[in-house]
Amino acid sequence: MKQKKFIKIYETLKADIINGKYSYGSSIPSENDLLQTYESSRETVRKALDLLVLDGMIQKIHGKGSLVIYQGRTEFPFSELVSFKEMQTELSITYTTDIIVNEVIKAYEVPEVQRKLAISDNETLIHIIRTRKINDHVKIVDEDYFLQSIVKAIGNDVAEDSIYHYLEHDLHLAISYSNKSITFEPFLEQEYKLFGQIEPAYCATVRSIVYLEDTTQFQYNISKHIATDYKFNEFSRRRTK
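Parameters at a glance
- Residues numbered from 1 in each chain as written.
- Predicted model: local features only at pLDDT ≥ 70, side-chain atom pairs only at ≥ 80, totals over all residues.
- Heavy atoms only, no water.
- Helix = DSSP H or I, 4+ residues; strand = E, 2+ residues; numbered from the N terminus.
- Polar contact = N/O pair within 3.5 Å; in protein donor to acceptor, adjacent residues only side chain to side chain.
- Contact = heavy atoms within 4.5 Å.
- Salt bridge = Lys/Arg side-chain N within 4 Å of Asp/Glu carboxyl O.
- Buried < 20%, exposed > 50% of the residue type's maximum accessible area, 1.4 Å probe, protein only.
- Pairing = 2+ DSSP bridges.
- Axes fitted to C-alpha atoms, helices over the stretch in contact; angles between N-to-C directions.
- Arc of directions from axis to C-beta.
- Expected span 1.5 Å × (residues − 1).

Chemist: Quick one: what's the story with the side chain of His-127, residue by residue and with numbers?
Modeler: Residue placement: His-127 occurs in strand S5 (residues 124-134). Within the structure, His-127 has its side chain in polar contact with the side chain of Glu-143 (distance 2.6 Å). A distance of 3.4 Å separates polar atoms of two side chains, one belonging to His-127 and the other to Tyr-145. Among all residues touching His-127, those that are not within four sequence positions of it are Val-101, Asn-102, Glu-103, Ile-105, Glu-143, Asp-144 and Tyr-145.

If you want it as structure tokens, here you go:
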């Protein structure tokens, strides 16, 4: 069966955007240029462009044509407990990490974290916020709370590289499992500050409680991703009756 022409145009332009021929914020060829390139009707070209809009690849701007809004999507291993560095290696993606906050605080200052980790008011926590960037665009904001009684201290050099490598290889901690939840939430002040002006202004927020092998809850992680960039897969099997 012959492929419809608008599908061919759509797939070609989509591949060009993903492969970087048309980068984030740049314009793809105008409708008139596409008419000539593909020797097709205006209706055919517009169908192809509408599919790119639905895919979150472009945004049509009156008087400016179609701008690329795709910044790359990463499929995250939601059901696995892996470090960010391990995930980068597995997916062959290179991020840069910036340390925004690295401090020691009391548990009563963060009531939600205190409840999740079931700790007393005066328990001290190492609080770290890191951004993960691709091409100078923040894609992920990771916020971590570690029990200082277990982790002691985390230098910026460790936080920029791999905290889990340090915990397992230097402190010899046995990190075992985690409980995770995911919600989609509108940007607050911090998200606008770190991610910038994004439409739609929503983030996929993954919250995790991480346990050691002896079942001690020692870490609470909040990982925020631009909602349109976030994707996860989970295998499901129907129960037999």
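From this point, the discussion proceeds with the structure in view.
Chemist: Talk me through the pattern of salt bridges; I want residue IDs and the actual numbers.
Modeler: For the structure shown, the criterion picks out 9 salt bridges. Between Glu-191 and Lys-224 there is a salt bridge, with the nearest N and O atoms lying 3.0 Å from each other. Residue Glu-191 is located in helix H9 (residues 189-195), and its partner Lys-224 is located in strand S9 (residues 217-226); the two are separated by 33 residues in the primary sequence. With a relative accessible area of 3%, Glu-191 lands in the buried category. Judged by relative accessible area, Lys-224 falls into the buried class, the value being 11%.

Chemist: With reference to specific residues and values, describe the sheet that holds strand S8 (residues 202-212).
Modeler: The strands making up a sheet associate through hydrogen bonds between their backbones, and the pairing can be parallel or antiparallel. Within the open sheet, the 6 strands sit side by side as S4-S5-S6-S9-S8-S7. Their pairing is antiparallel. A single partner strand is all that each edge strand has here, and the edge strands are strand S4 (96-106) and strand S7 (175-186). Between one strand axis and the next, the sheet turns through 15 degrees on average, direction left out of account. Alignment of S8 against S9, held across 9 bridges, turns out to be antiparallel. Looking at the pairing, Val-206 lines up with Ser-223 of S9.

Chemist: I'd like a rundown of the pairing of strand S6 (residues 137-147), residues and numbers included.
Modeler: Where burial is concerned, most of S6 is hidden: 10 out of the 11 residues are buried. Pairing of S5 with S6 involves 10 bridges; the strand directions are antiparallel. The residue bridging Ile-129 from the neighbouring strand is Glu-143, located in S6. The hairpin formed by S5 and S6 contains 2 residues between the paired strands, and Asn-135 there has a positive phi angle of roughly 50 degrees. The sheet contact formed by S6 and S9 spans 7 bridges and is antiparallel. From the neighbouring strand, Val-141 faces S9, where its bridge partner is Lys-224.

Chemist: Help me get a handle on helix H8 (residues 163-170), residues and values and all.
Modeler: Turn by turn, an α-helix covers 3.6 residues, leaving residues three or four places apart pointing in a common direction. All of the buried residues in H8 are Ile-163, Tyr-164, Tyr-166 and Leu-167. Down the axis, H8 shows its buried residues gathered within 165 degrees of arc, on one side only. Positive backbone phi, at 60 degrees, marks His-172, one or two positions downstream of H8.

Chemist: Help me get a handle on helix H1 (residues 5-18), residues and values and all.
Modeler: Relative to the 20 Å expected for 14 residues at 1.5 Å per residue, H1 spans 20 Å between its end C-alpha atoms, a close match to the ideal helical length. The complete set of buried residues in H1 reads Phe-6, Ile-9, Tyr-10, Leu-13, Asp-16 and Ile-17. Projected down its long axis, H1 carries its buried residues within an arc of 130 degrees, all on one side. Lining the buried residues of H1 we find helix H2 (31-38), helix H3 (42-54), strand S1 (58-61) and strand S2 (65-68). Immediately downstream of H1, the backbone of Gly-20 shows phi near 90 degrees, a positive value.

Chemist: Talk me through the pairing of S2; I want residue IDs and the actual numbers.
Modeler: Sheet analysis places S1 next to S2, joined by 4 bridges and oriented antiparallel. Note that in S2 the partner of Lys-60 across the bridge is Ser-66. Adjacent in sequence and paired antiparallel, S1 and S2 are bridged by 3 residues, among which Gly-63 carries a positive phi angle near 85 degrees.

Chemist: Tell me about the environment of Ser-181, and please be specific about residues and values.
Modeler: The residue Ser-181 is located in strand S7 in this model. Relative accessible area serves as the criterion here: at 36%, Ser-181 is assigned to the partly exposed category. Between the C-alpha atom of Ser-181 and that of Arg-207, which follows or precedes it by 26 residues, the distance is 5.4 Å.

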